[in-house]
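Observations on chain architecture
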Amino acid sequence: RGHRLLEALIHNLVHVEGLKNATNVLYSGCSAGGLTALLHIDYIASRLSVFSPNATFLGLSDGMFSLDRNQFNTRPGLFQRIAKWGYSAWNSSSSINEACRESHGIEDEWKCMFAEHVSMHVETPVFFLNSKYDPWQ
C-alpha cells in the first residue's frame, strides 16, 4: 500500500500541482519522515526526473539518523527489533534503496532501515539535520 501511496503522491504533484515545471526540488521529512525521505530520495528523484529532466533534486533529512547499535548488554536494542520486524511486516523491500539491500544480503536487508547503513548508498545530495539531545536519534 505504501508504494501505491507514493506513486499517487508523485502523480498528484506532477499532474495537479505542476511539479513537471520545477527547476529545483527539495524532498524532505522530519523525525521518522526524515528517515523516510532518506529511504526514498533516489527513487523520487528518478521518477520526477522523467517529468522534470532539468530539475535539480536535493534532500533534507531532519532527524532520525538512526544508528544500528546494540544496547550496553550487547543485546539488540528496541529500534533494531522494531526495524527488523517492520521490514518484514510492512513488506518494505520495494521501498528500500536497492544498492543498500544488495550490499547487506537477504538476511540483513532490514538493516537498510537505519540511516547509518542506507546513507552510504544514496546518490542524491542530502543535508542531514539531527538533534544532539534526542536519545532516539
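Everything here concerns the structure above.
Right, let's walk through the structure included here. Quick caveat: nothing in here was measured; it's all calculated off a predicted structure.

**Side note on the overall build of the protein**
A tally of regular secondary structure across the protein gives five helices and three strands. With 137 residues in all, the protein has 34% of them scored as buried. Sequence-distant contacts in the protein: of pairs separated by 6 or more residues, those separated by 24 or more amount to 69%. As presented, the protein carries roughly 8700 Å² of accessible surface, and 57% of it is formed by carbon and sulfur atoms. Across the protein, 11 positive and 13 negative side-chain charges occur, with their mean positions spaced 6 Å apart.

**Some details on a nonpolar patch on the surface**
Taken together, Leu 78, Ile 82, Trp 85 and Trp 90 make up a surface patch of nonpolar side chains, about 450 Å² in accessible area. Residue placement: Trp 90 occurs in the loop between helix H3 (78-89) and helix H4 (98-108). Note on Trp 90: relative accessible area 51%, which makes it exposed.

**Observations concerning the state of the cysteines**
Evaluation of the coordinates by the stated rule reveals one disulfide. Disulfide pairing is shown between Cys 100 and Cys 112; the S-S distance is 2.1 Å. Judged by the sign of its S-S torsion, about -100 degrees, the bond between Cys 100 and Cys 112 is left-handed. Of this pair, Cys 100 sits in helix H4 while Cys 112 sits in the loop between H4 and helix H5 (115-118), and the two are 12 residues apart along the sequence. The buried category is assigned to Cys 112, whose relative accessible area is 0%.

Cut-offs applied
Residues numbered from 1 in each chain as written. Predicted model: local features only at pLDDT ≥ 70, side-chain atom pairs only at ≥ 80, totals over all residues. Heavy atoms only, no water. Helix = DSSP H or I, 4+ residues; strand = E, 2+ residues; numbered from the N terminus. Buried < 20%, exposed > 50% of the residue type's maximum accessible area, 1.4 Å probe, protein only. Contact = heavy atoms within 4.5 Å. Areas by Shrake-Rupley, 256 points an atom, 1.4 Å probe, with all protein chains shown as cover. Lys, Arg positive; Asp, Glu negative; His and termini not counted. Charge placed at Lys NZ, Arg CZ, Asp CG, Glu CD. Patch = residues over 30% accessible without salt bridge, like charges linked within 9 Å, V, L, I, M, F, W, Y side chains within 5 Å. Salt bridge = Lys/Arg side-chain N within 4 Å of Asp/Glu carboxyl O. Disulfide = S-S within 2.5 Å.

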